[in-house]
Amino acid sequence: MKLYQQFVERGYHTSIVTTFGLDFDTYETIVLPRLRGAGCRNNIIVADGRMLTLALDRRSSLPRRAGSHYTVSGAGGRGGVFHPKLLLQVGRDRARLMLGSANMTAAGLAGNLELVATFRSAGDGGAERRLIVQAWRYIERFLSPEQADQARWMLARSPWIADGDVADDPIRLNDGTEGMLVLSGDDEGIGQRFSQLVNGPVRRLIVLSPYWDPALGALVDLTHQLEPKRVGVLIDPAIQAFPAEAAERRLPELEVYARKAFGGKRFMHAKAILALTEDADHLLIGSANCTQAALGSGGRAGANAEACVYRRLRSGAALEALRIAALVEEDRRVDVSDLPPMSMGDQIPLECLSARSPGAFALRDDDLRWWPAAAFSDADRCSVSLVDATGSDLSAVVERHPPDQSGALRYLASGMDSPPAFARVTSPEVGDSALAIVTRLDELAEEVREVGSPRAERLRERLELSAGTEATLELLGIIDELEAHGRGRPALGQAISIPKPHSDGEVPRLAGAHRQMSYDEFMAHRRPYGEESRPPASFAGTDLSLVRGVLNRIAGQEAGASGPSADEADDAAVLAAFDLGDETAAQGGVETTDFGGEVRPTSRPGRSPKVLKVATAQEITDAVSNFGEAVRTKCKQGELSATDLLRLRALLMVVCCAGMPSSTSAGRLSDLQVLPMSGNEPTWWRSVGRLLFAVFPTNASGLGLSLTDDRDRVPPDVLECWATCYWCLQACLAAPVAESARRKIHQHIGPLAERVYRLTKLSQEELCSGVVRETMDRMSGRMAERLGVDVGKVAARHEIMAARL
């Protein structure tokens with residue numbers, strides 16, 4: 001088969017590739033589109049650090065999507081190379097592991113003769129799941145700090161891979177054979193551990209390997225440990241990689257077999273060790289060549305990081321499975337003395353590449369973090385410059401900031417005319433480093449999302465196609481359903497234990513989860529909001545981010561624009577976008593309400609007519625009460641989440657869309673307007689007050705909201721919620737009503753407004769510029785006319801409050 005054809009299999013949200021060599025063009029044009037097309041959008045590569053430097057050092061085409069659509073990090077072995085070739089794909093209840101000899105290169109995927117073993121686990125898992133869990137625990141040693149969020153994202157959706165058991169001994173697999181993973185990192189070498197698994201006298205030892213020790217040290221060690229009656233090797237004489245002279249001297253009885261026409265002219269890159277006994281065939285395949293660096297020597301582990309799989313098969317099955325039985329017959333045997341001398345070929349300048357690697361970089365908003373490599377450890381003598389996707393220098397200012405607790409060096413990057421794709425470091429000792437990929441965490445967060453169930457995808461499609469002009473209660477049902485579907489998202493500050501690495505890689509490995517902070521603590525250490533760049537929203541990369549987009553579109557008219565159209569088609573289009581049809585709503589909260597009210601049909605091009613529901617005043621009041629009860633409990637326990645703020649903002653906008661300028665229907669701009677300004681309950685100003693009183697009660701000394709320290713600026717979705725709160729409060733206070741009603745509004749809303757401004761803790765500059773100002777201006781342009789509120793009074797009152805508090 002062609003290995004690249006395997007990437008179209010569906011059912012996985014995460015893929016992790018480990019490789020020695022890396023061809024970016026192959027990955028981005030062949031592998032990544034297939035993965036993403038199959039719904040796998042959380043994609044990680046770990047390559048040998050020096051080979052990664054080689055790939056970035058103008059030796060191959062520069063990557064176009066690395067750092068934004070997938071991450072790449074470099075790793076090392078115990079003084080050797082990082083050499084495992086694994087593909088691990090993980091889904092909610094399933095996984096697939098492919099382990100073998102193929103690098104992530106064009107030759108590895110489609111050109112060479114490779115050997116790959118595949119294990120699948122689904123449902124309750126079975127024995128194969130233990131091998132997959134073991135593979136993950138091996139891989140996680142080598143993940144780098146900029147891949148931490150991706151690892152937590154995966155573990156939150158598939159916790160079984162973190163909690164599962166591993167196989168320390170051979171286990172019976174679904175096909176009836178036995179197997180286990182044999183991985184580097186232990187004190188014993190892979191060769192010795194394989195020998196310990198072979199029970200009974202070995203009648204024949206056969207080894208396939210494209211590369212060998214010049215003195216055949218690893219092969220000699222295997223023969224000493226296994227004591228086979230016959231020893232054979234399968235080689236391609238034309239490659240001149242086999243040390244014939246050492247074979248004649250150290251293993252005079254060695255049987256050498258030539259591949260000849262087997263596989264055509266394709267390079268035989270497969271690696272396999274077969275120990276054949278009377279009772280079973282013992283097989284080891286994977287990344288390890290027959291070298292001491294890979295297999296170890298004298299009972300000690302090898303220098304390389306390697307990954308192999310051991311299989312115990314019925315006697316005679318291994319040669320049949322590998323299709324090489326005919327290749328190790330007498331007619332294929334060649335005389336060692338007839339082999340050409342060993343040629344080492346061009347050697348990769350690993351030490352030089354190590355000296356040119358600057359380390360790892362990650363960018364969130366304008367916060368650039370650098371984990372320096374050893375050659376650039378004296379950061380005070382280094383300068384950092386940023387490079388775009390074409391390899392051209394950016395006119396960016398990179399200023400040093402105090403380091404954080406993760407050990408990363410921090411810089412403020414400003415004045416960028418395009419997103420940075422790479423970074424370069426310059427020092428007096430080394431000069432210019434090679435390029436390093438900048439992981440752009442904000443863009444990555446938008447890319448990494450899980451393709452959900454058909455229902456979730458239908459809801460996403462409706463949200464994406466919506467051109468909303470009104471907020472309706474149906475929106476809350478969609479929020480609840482999307483949250484329920486994505487409940488596997490990492491909780492704020494959720495701690496996940498990541499073992500320390502078993503490598504001496506140049507980049508510190510993955511740290512623990514981000515620390516959870518109270519809202520007050522976060523605000524005390526935050527950095528002021530900038531106008532040039534803004535941090536990502538709390539929901540970046542999730543379906544809930546689409547809900548935030550709908551709310552922004554509903555409030556999307558610019559300040560000073562005319563009010564919404566009274567055209568019935570506009571209301572119908574919005575209701576159709578949020579209509580749940582005959583699908584069952586999620587249980588609990590507002591979404592269980594049987595919405596009544598006026599029923600109107602509508603149709604859209606290419607769609608069947610829908611029965612649409614408009615909420616009554618009582619139903620909106622019930623939704624407000626349900627929200628208040630839920631939020632008061634969460635606030636007391638300090639468990640208020642960003643999703644609750646999204647609900648708060650949505651409900652405030654529902655109330656505004658349902659509000660009227662008077663107690664009568666005169667001047668109504670939409671059939672959705674069912675809440676009067678004054679008169680008997682329910683009124684829209686009381687609904688605003690009850691919503692905000694639940695989050696900001698009278699006795700509150702702080703908010704029950706927590707944020708994580710993965711960023712140092714308030715997420716924009718939080719600011720948009722606060723701005724919506726400010727606008728609604730000032731609209732209540734500025735609304736034209738009779739004097740008696742005005743006194744009542746000021747009696748209840750006035751103190752609440754001061755409390756909201758005080759507890760949200762924004763500075764005067766933040767209150768009067770940036771996201772807050774934009775959101776309030778758009779709310780004025782969208783809602784002021786329908787509520788009969790003077791835009792100037794709302795803005796003036798907000799500025800007075802900001803200056804006073």
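About the thresholds
- Residues numbered from 1 in each chain as written.
- Predicted model: local features only at pLDDT ≥ 70, side-chain atom pairs only at ≥ 80, totals over all residues.
- Heavy atoms only, no water.
- Helix = DSSP H or I, 4+ residues; strand = E, 2+ residues; numbered from the N terminus.
- Buried < 20%, exposed > 50% of the residue type's maximum accessible area, 1.4 Å probe, protein only.
- Contact = heavy atoms within 4.5 Å.
- Areas by Shrake-Rupley, 256 points an atom, 1.4 Å probe, with all protein chains shown as cover.
- Pairing = 2+ DSSP bridges.
- Axes fitted to C-alpha atoms, helices over the stretch in contact; angles between N-to-C directions.
- Phe/Tyr/Trp six-rings, centres within 6.5 Å; stacked < 30°, edge-to-face > 60°.
- Lys NZ or Arg CZ within 6 Å of the ring centre and 35° of its normal.
- Patch = residues over 30% accessible without salt bridge, like charges linked within 9 Å, V, L, I, M, F, W, Y side chains within 5 Å.
- Salt bridge = Lys/Arg side-chain N within 4 Å of Asp/Glu carboxyl O.
- Lys, Arg positive; Asp, Glu negative; His and termini not counted.
- Charge placed at Lys NZ, Arg CZ, Asp CG, Glu CD.
- Core = buried A, V, L, I, M, F, W, Y, C linked by side-chain atoms within 4.5 Å.
- Parallel < 35°, antiparallel > 145°, perpendicular 65-115°, else oblique.
- Left-handed = near helix turned anticlockwise from the far one by under 90°.
- Nonpolar A, V, L, I, M, F, W, Y, C, P; charged D, E, K, R; others polar.

J.: What's the story with the overall build of the chain in this structure? I'm lost.
T.: A tally of helices and strands in the chain yields 26 helices and 27 strands. Counting over 805 residues, the chain shows a buried share of 58%. Excluding contacts between residues fewer than 6 apart, the proportion of contacts in the chain whose partners are at least 24 apart in sequence is 78%. Accessible surface computed for the chain: about 31,800 Å², of which carbon and sulfur atoms make up 49%.

J.: Help me understand the sheet that holds strand S7 (residues 171-172), please; the structure alone is not making it clear to me.
T.: What the 9 strands build is an open sheet, ordered S7-S8-S14-S13-S12-S9-S10-S11-S15; its pairing is mixed. The open sheet has two edge strands, S7 and strand S15 (333-334), and neither has a second partner. Looking at chain direction, strand S13 (residues 280-286) and strand S14 (residues 307-314) are connected through 7 bridges and run antiparallel. Residue pairing across strands places Leu 283 opposite Arg 311, the latter belonging to S14. Where helix H7 (residues 190-197) meets the sheet, its contacts fall on strand S8 (178-183), strand S12 (272-277), S13 and S14, and the angle it forms with S8 comes to roughly 160°. Lying on the sheet, helix H8 (residues 217-226) is in contact with strand S9 (202-208), strand S10 (231-235) and S12; it crosses S9 at an angle near 160°.

J.: What is the right way to read the packing of aromatic side chains from this model?
T.: One pair of aromatic rings is described through two measures. These are the centre distance and the angle between the planes. Scanning the entire structure with this criterion turns up 11 aromatic pairs. Ring centres of Phe 194 and Tyr 310 lie 6.1 Å apart, and the angle between their planes is 65°; on these two criteria the pair is classed as edge-to-face. Of the two residues, Phe 194 is situated in helix H7 and Tyr 310 in strand S14; the sequence distance between them amounts to 116 residues. Residue classification places Phe 194 among the buried positions, given a relative accessible area of 0%. We note Arg 129 situated over the ring of Trp 160; from NZ or CZ to the ring centre the distance is 4.0 Å.

J.: Would you mind going over the sheet that holds strand S2 (residues 42-48) with me for this structure?
T.: Either a parallel or an antiparallel arrangement is found when strands of a sheet pair, and the pairing is made through backbone hydrogen bonds. Sheet architecture is open: 6 strands sit in the order S3-S2-S1-S4-S5-S6, paired in mixed fashion. Each edge of the open sheet is held by one strand with a lone partner, namely strand S3 (71-75) and strand S6 (116-122). Neighbour-to-neighbour, the strand axes of the sheet open up by a mean angle of 10°, direction not taken into account. Across the sheet, helix H1 (residues 24-37) lies against strand S1 (14-19), S2, S3 and strand S4 (86-90), angled at about 150° from S2, the strand it touches most.

J.: Explanation requested: a negative patch on the surface in the structure shown.
T.: A cluster of acidic residues, Glu 245, Glu 248, Asp 335 and Asp 338, forms a negative patch on the protein surface. Within the secondary structure, Glu 245 sits in helix H9 (residues 244-250).

J.: Explain the pairing of S6 here, please?
T.: Look at any regular strand and the pattern is simple: side chains alternate between the two faces of the sheet. By the alternation rule, side chains of S6 split into Ala 117, Phe 119 and Ser 121, which are all buried, and Val 116, Thr 118, Arg 120 and Ala 122, of which none is buried. Of the strand pairs in this sheet, strand S5 (residues 94-100) and S6 are connected by 7 bridges, and their pairing is antiparallel. Bridge assignment links Leu 99 to a residue of S6, and that residue is Ala 117.

J.: Explanation requested: the side chain of Gln 134 in the structure shown.
T.: Along the polypeptide, Gln 134 turns up in helix H4 (residues 127-139). Its relative accessible area of 13% is what places Gln 134 among the buried residues. Leave out the neighbours within four places in its chain, and Gln 134 touches Val 166, Ala 167, Leu 181 and Leu 183.

J.: Explain the nonpolar core here, please?
T.: Inside soluble globular proteins, nonpolar side chains tend to come together where they are buried. Counting 90 residues, the largest nonpolar core has Trp 684, Trp 722 and Trp 727 as the members making the most contacts within it. The element contributing the most residues to this core is helix H22 (residues 716-734), with 14 residues. Beyond its immediate sequence surroundings of up to four residues, Trp 684 is in contact with Val 655, Gly 659, Met 660, Leu 675, Pro 676, Met 677, Ala 731, Cys 732, Ala 735 and Leu 787. Grouped together as the second largest cluster of nonpolar side chains are 57 residues, Leu 88, Phe 142, Met 154 and Leu 327 included.

J.: Quick question: what am I supposed to make of H7 here?
T.: For an α-helix, 3.6 residues make a turn, and residues three or four places apart therefore share a direction. Counting buried residues along H7, 6 of its 8 residues qualify, which places the element largely inside the surrounding structure. Along H7, the residues that are buried comprise Ile 190, Gly 191, Arg 193, Phe 194, Ser 195 and Leu 197. In this structure, the buried residues of H7 make contact with S8, H8, S12, S13, helix H10 (292-295) and S14.

J.: Any chance you could explain the packing of H22 against helix H25 (residues 770-787) here in plain terms?
T.: For the pair H22 and H25, the least separation of the axes is 9 Å and the interaxial angle reads 40°. When the interaxial angle is binned, H22 and H25 end up oblique. Remark: the crossing between H22 and H25 carries right-handed chirality. Here Pro 716, Leu 719, Glu 720, Ala 723, Thr 724, Tyr 726 and Trp 727 of H22 lie close against H25, whose contacting residues are Val 771, Val 772, Thr 775, Met 776, Met 779, Ser 780, Met 783, Ala 784 and Leu 787. Looking at the contact of H22 with H25 residue by residue, the classes come out as 12 nonpolar, 3 polar and 1 charged.

J.: What is the right way to look at the pattern of salt bridges in this model?
T.: Proximity of charged atoms lets side chains of opposite charge pair with each other. Applying the stated rule across the entire model yields 35 salt bridges. Ionic pairing is found between Asp 236 and Arg 259, a salt bridge with its closest N-O pair at 3.2 Å. With a gap of 23 residues between them, Asp 236 in the loop between S10 and H9 and Arg 259 in the loop between strand S11 (255-258) and S12 connect regions that are remote in the sequence. Residue classification places Asp 236 among the partly exposed positions, given a relative accessible area of 22%. A residue is classified by how much of its surface remains accessible, and Arg 259, at 1% relative accessible area, is buried. For Arg 314, the salt bridge is made with Glu 320, and the minimal N-O distance between the two is 3.5 Å. In terms of burial, Arg 314 and Glu 320 fall into one category: exposed. It is possible to trace a salt-bridge network through shared partners that takes in Glu 9, Arg 96 and Arg 120.

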